[in-house]
Amino acid sequence: RISTQKVIMSYNRQHQNDPPPRRSQFQPPQPNTLHRGTVTRIEPYGAFVKLSSSPLSGLVHISQLHNTKIDNVNDVVSLDMQVWVKIMEVTVEQFEDEVSGRMKTRHKLKLSMKYVDQDT
């Protein structure tokens, strides 16, 4: 009969040089790529778009909604509207969670509809 302790020790010896298992790293979308998304929130300063290909959302500032100057965001987009956006910038921020004290990562996306043909 083999004891559990001997089996664990044997496994540890065989795998002692293996790198520790890592969590899969989330890869945010790359700048200058096009993505389909849904308008989830409209504010006077722009619209928030949830990307279809990612769990992330980002802001399309009012100045980035259209090639011409617009005064009202609702003139260009509506809630739940499907749009194409270009990733202009991805910012990664590290912060400490106030409740758990753990370090967390936040991804901020700056998006544009200005340079994307919405008819494609």
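I will try to describe carefully the structure that is included in this document.

**Notes on the pairing of strand β5 (residues 103-112)**
Alright, step 1. Note that strand β3 (residues 57-61) and β5 share two bridges and pair parallel. The residue bridging Val60 from the neighbouring strand is Leu111, located in β5.
Alright, step 2. As paired elements, strand β4 (residues 82-96) and β5 share ten bridges and run antiparallel to each other. Its bridge partner lying in β5, Glu93 is registered against Arg106.
Alright, step 3. Hairpin geometry of β4 and β5 is characterised by an intervening segment of six residues between the two adjacent antiparallel strands and by a positive phi of about 80° at Gly101.

**Points about the pattern of salt bridges**
Alright, step 1. Considering all chains together, one arrives at six salt bridges under this definition.
Alright, step 2. With a shortest N-O distance of 3.1 Å, Glu43 and Arg41 are connected by a salt bridge.
Alright, step 3. Judged by its relative accessible area of 41%, Arg41 falls in the partly exposed class.
Alright, step 4. Between Asp97 and Lys104 there is a salt bridge, with its nearest N and O atoms 3.2 Å apart.
Alright, step 5. According to the relative accessible area criterion, Lys104 is partly exposed, its value standing at 37%.
Alright, step 6. One connected set of salt bridges, linked through shared partners, spans Glu93, Arg106 and Lys108.

**Digging into the environment of Asn67**
Alright, step 1. Its location among the elements puts Asn67 in the loop between β3 and β4.
Alright, step 2. Classification of Asn67 as exposed rests on a relative accessible area of 58%.
Alright, step 3. Considered as a pair, Asn67 and Lys114 are 47 residues apart in the sequence and their alpha carbons are 5.3 Å apart.

**Quick look at the nonpolar core**
Burial of nonpolar side chains together is a common tendency in soluble globular proteins.
Alright, step 1. Of all hydrophobic cores here, the largest spans 18 residues; its most connected members are Leu65, Val77, Val85 and Met113.
Alright, step 2. Only β2 (46-51), β4 and β5 provide two or more residues apiece to this core.
Alright, step 3. Those residues in contact with Met113, other than ones at most four positions away along the chain, are Val60, Gln64, Leu65, Val76, Val77, Val83, Trp84, Val85 and Gln118.

About the cut-offs
Residues numbered from 1 in each chain as written. Predicted model: local features only at pLDDT ≥ 70, side-chain atom pairs only at ≥ 80, totals over all residues. Heavy atoms only, no water. Pairing = 2+ DSSP bridges. Helix = DSSP H or I, 4+ residues; strand = E, 2+ residues; numbered from the N terminus. Salt bridge = Lys/Arg side-chain N within 4 Å of Asp/Glu carboxyl O. Buried < 20%, exposed > 50% of the residue type's maximum accessible area, 1.4 Å probe, protein only. Core = buried A, V, L, I, M, F, W, Y, C linked by side-chain atoms within 4.5 Å. Contact = heavy atoms within 4.5 Å.

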